[in-house]
Amino acid sequence: MRIDLVTLVVADYDPAIAFFTGILGFELVEDAPSLTNDGRPKRWVVVRPPGAQTGILLARADGERQDAAVGDQVAGRVGFVRRGPPAAGRTGPAGASSESTTSTPSTGGWSTPAWSS
């Protein structure tokens, strides 16, 4: 048994994809059109670290309750910790091994990540 996907509610797909692939070096595994339960268009977007089995399903917020969760899904706690070799082509703190990545919770879109090691 294993966990295949963990869902992360995001403000919009493309900035989230850019963050995970461009900043963290994750792979874009799936980006396919889909429909909500009531027939509205959405996307099925999955990213994961290279070589990992478990992925992150990026789910666009739908409604006020989900909008409020963007950037605060773990109530101010550390939600994800990336460990491993520096991401290829990265310089500065984001490329440091065993880095910790934190971002300030926000209510609209992706905030600028803060890096510490």
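In this report, the structure presented in the accompanying data block is examined. None of these values were measured; they are calculated from a predicted model.

How each quantity is defined
Residues numbered from 1 in each chain as written. Predicted model: local features only at pLDDT ≥ 70, side-chain atom pairs only at ≥ 80, totals over all residues. Heavy atoms only, no water. Patch = residues over 30% accessible without salt bridge, like charges linked within 9 Å, V, L, I, M, F, W, Y side chains within 5 Å. Areas by Shrake-Rupley, 256 points an atom, 1.4 Å probe, with all protein chains shown as cover. Salt bridge = Lys/Arg side-chain N within 4 Å of Asp/Glu carboxyl O. Helix = DSSP H or I, 4+ residues; strand = E, 2+ residues; numbered from the N terminus. Pairing = 2+ DSSP bridges. Axes fitted to C-alpha atoms, helices over the stretch in contact; angles between N-to-C directions. Contact = heavy atoms within 4.5 Å.

### Remarks on a nonpolar patch on the surface
Here is step 1 of the chain: Side chains of I3, V6 and F80 sit close together on the surface and give an oily, nonpolar patch of about 270 Å² of accessible area.
Here is step 2 of the chain: Inspection of the secondary structure assignment puts I3 in the segment before β1 (5–10).

### Here's the deal with the sheet that holds strand β4 (residues 55–60)
Here is step 1 of the chain: Here we have four strands laid out as an open sheet, ordered β1-β4-β3-β2, and mixed in their pairing. The sheet terminates laterally at β1 and β2 (27–35), the two strands that pair on one side only. Strand-to-strand twist of the sheet, defined as the mean angle between neighbouring strand axes without regard to direction, takes the value 25°.
Here is step 2 of the chain: In terms of strand pairing, strand β3 (residues 41–48) meets β4 through three bridges, oriented antiparallel. Note that in β4 the partner of V47 across the bridge is I56.
Here is step 3 of the chain: Against the sheet, helix α1 (residues 13–23) engages β1, β2, β3 and β4, with an angle of about 5° to β3.

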